[in-house]
Amino acid sequence: MRASKLMVLLLAACSQSPSAEEAGKPLEMTVYRSPTCGCCGKWLEHAKQSGFKINDVVSDDMETIKSRFGVPEKLASCHTAIVDGHVIEGHVPAADIQKLLQSKSNIAGIAAPGMPMGSPGMEMGGQQDAYKVISFDKEGKYEVFAEHGSKQ
């Protein structure tokens, strides 16, 4: 009897399919960006190096894209990405994106408003301004998701 219970438990554990990330497949991210923005390309490289598979969509109408995905105007930046149903606005570090994805929360997205100096894609030598990554929900509530200190 014990052996059959053990076998059932083993079969149940093996039948659960792992997520794409757990299976070693990179998570897909669709990034919408302006054709004239060079820093967006640098951020794309940061995301690729962090294990994301990028679907790069160049658009001349970023305002419409931001509106379609519910990016609050106060949190807008230069590019908008979608990964696993979440909005990633601007130069958000990949570690913060991974933290969001692992949290399994109901956050609609996270944003690095503006273009913070020293954030991924906005590197200028060793200089980094302090900046915050802000989470937002579909009701328009904001909270600080992560803080990044300054470096000189």
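Source: prediction; values computed, not measured.

## Description of the pattern of salt bridges
Turning to step 1, where the next piece is worked out: In this structure the tally under the stated criterion is four salt bridges.
Turning to step 2, where the next piece is worked out: The shortest N-O distance in the salt bridge between Glu45 and Lys48 comes to 3.6 Å. Residue Glu45 and its partner Lys48 are both found in helix H2 (residues 38–49); the two are separated by three residues, about one turn of the helix.
Turning to step 3, where the next piece is worked out: Residue classification places Glu45 among the partly exposed residues on the basis of a relative accessible area of 39%.

## Focus: the pairing of strand E1 (residues 28–33)
Turning to step 1, where the next piece is worked out: Where burial is concerned, most of E1 is hidden: five out of the six residues are buried.
Turning to step 2, where the next piece is worked out: As paired strands, E1 and strand E2 (residues 53–58) are joined by six bridges and run parallel to one another. By the bridge assignment for E2, Arg33 is matched with Val58.
Turning to step 3, where the next piece is worked out: Each parallel crossover has a hand, and the one from E1 via H2 to E2 is right-handed.
Turning to step 4, where the next piece is worked out: Bridge analysis of E1 against strand E3 (residues 80–83) gives four bridges, and the strand direction is antiparallel. What sits directly across from Thr30, in E3, is Ile82.

## Here's the deal with a negative patch on the surface
Turning to step 1, where the next piece is worked out: Taken together, the side chains of Asp60, Asp61, Glu63 and Glu73 define an acidic patch exposed on the protein surface.
Turning to step 2, where the next piece is worked out: Position of Asp61 among the secondary structure elements: in the loop between E2 and helix H3 (62–68).
Turning to step 3, where the next piece is worked out: Take Asp61: its relative accessible area is 38%, and that puts it in the partly exposed class.

## Here we look at the packing of aromatic side chains
Turning to step 1, where the next piece is worked out: The full count for this structure, using the stated rule, is one aromatic pair.
Turning to step 2, where the next piece is worked out: Arranged with centres 5.5 Å apart and planes meeting at 40°, the rings of Tyr32 and Phe69 form a pair that is tilted. Placement of the pair is Tyr32 in strand E1 and Phe69 in the loop between H3 and E3, with a sequence separation of 37 residues.
Turning to step 3, where the next piece is worked out: Tyr32 gets classed as buried once you look at its relative accessible area, which sits at 14%.
Turning to step 4, where the next piece is worked out: The partly exposed category is assigned to Phe69, whose relative accessible area is 25%.
Turning to step 5, where the next piece is worked out: A cation over a ring is seen here: Lys99 above Phe145, with NZ or CZ 4.6 Å from the ring centre.

## Concerning the nonpolar core
Turning to step 1, where the next piece is worked out: Residues Met29, Trp43, Phe52, Val83, Ile88, Ile97 and Ile110 are the most contacted members of the largest nonpolar core, which totals 23 residues.
Turning to step 2, where the next piece is worked out: Elements supplying a minimum of two residues to this core: E1, H2, E3, helix H4 (94–103), strand E5 (109–112), strand E6 (131–136) and strand E7 (142–148).
Turning to step 3, where the next piece is worked out: A total of four residues in this core trace back to one element, the largest contributor, which is H4.
Turning to step 4, where the next piece is worked out: Filtering out sequence-adjacent residues up to four positions away, Val83 remains in contact with Leu27, Glu28, Met29, Phe52, Ile88, Ile97 and Leu101.

## Some remarks on the side chain of Ser77
Turning to step 1, where the next piece is worked out: Within the element layout of this structure, Ser77 appears in the loop between H3 and E3.
Turning to step 2, where the next piece is worked out: A distance of 2.5 Å separates the side chain of Ser77 from the backbone oxygen of Gly114, its partner in a polar contact.
Turning to step 3, where the next piece is worked out: Each residue touching Ser77, except ones within four places of it in the same chain, is listed here: Lys66, Glu89, Gly90, His91, Ala112, Gly114 and Met115.

## Concerning the environment of Phe145
Turning to step 1, where the next piece is worked out: When you line up the elements, Phe145 lands in strand E7.
Turning to step 2, where the next piece is worked out: The exposure class assigned to Phe145 is buried, which follows from its relative accessible area of 13%.
Turning to step 3, where the next piece is worked out: Placed 35 residues apart in sequence, Phe145 and Ile110 show a C-alpha to C-alpha distance of 7.4 Å.
Turning to step 4, where the next piece is worked out: Excluding residues within four positions of it along the chain, Phe145 makes contact with Asp96, Lys99, Leu100, Ile107, Ile110, Val133, Ile134 and Ser135.

Procedures and definitions
- Sequence positions are assigned chain by chain, starting from 1 and proceeding in written order.
- At least 70 in pLDDT is required for a residue's local features to be given in this predicted model, at least 80 for side-chain atom pairs to be given and counted, and no such filter applies to totals for whole chains, interfaces and linings, which use all residues.
- Here the side-chain values reflect all heavy atoms present in the structure, with hydrogen atoms and water set aside.
- We define a salt bridge as a contact between a side-chain nitrogen of Lys or Arg and a carboxyl oxygen of Asp or Glu at a distance within 4 Å.
- Strands here are runs of E lasting at least two residues and helices are runs of H or I lasting at least four, both read from the DSSP assignment and numbered beginning at the N terminus.
- Three exposure classes are used, based on accessible area relative to the maximum for each residue type with a 1.4 Å probe and protein chains only: buried under 20%, partly exposed in between, and exposed over 50%.
- Two strands pair if DSSP finds at least two bridges between them.
- Seen with its strands pointing away from the viewer, a crossover is right-handed when the path leading from the first strand over the helix to the second is clockwise.
- Think of a patch as exposed residues, more than 30% relative accessible area, with no salt bridge, where like charges cluster within 9 Å and nonpolar side chains (Val, Leu, Ile, Met, Phe, Trp, Tyr) cluster within 5 Å.
- Methods summary: accessible areas were calculated by the Shrake-Rupley approach with a probe of 1.4 Å, and residue burial reflects only the protein chains presented.
- Counted charges follow a simple rule, with Lys and Arg positive, Asp and Glu negative, and His plus the chain ends left uncounted.
- To locate a charge, take NZ of a lysine, CZ of an arginine, CG of an aspartate or CD of a glutamate.
- When the centres of two rings from Phe, Tyr and Trp lie within 6.5 Å, Trp using its six-membered ring, the rings pair. Their planes under 30 degrees apart give stacked, over 60 give edge-to-face, and anything left gives tilted.
- Charges are assigned to positions over rings by a cutoff of 6 Å between ring centre and Lys NZ or Arg CZ, combined with an angular limit of 35 degrees from the ring normal.
- Residues belong to a common nonpolar core when they are buried Ala, Val, Leu, Ile, Met, Phe, Trp, Tyr or Cys residues joined through side-chain atoms within 4.5 Å.
- Contacts between residues were defined by any pair of non-hydrogen atoms, one from each residue, lying within 4.5 Å.
- Under this definition, polar contacts are N or O atom pairs within 3.5 Å; protein pairs additionally need one hydrogen-donor-capable and one acceptor-capable atom, and for neighbouring residues in sequence, both atoms have to be side-chain atoms.

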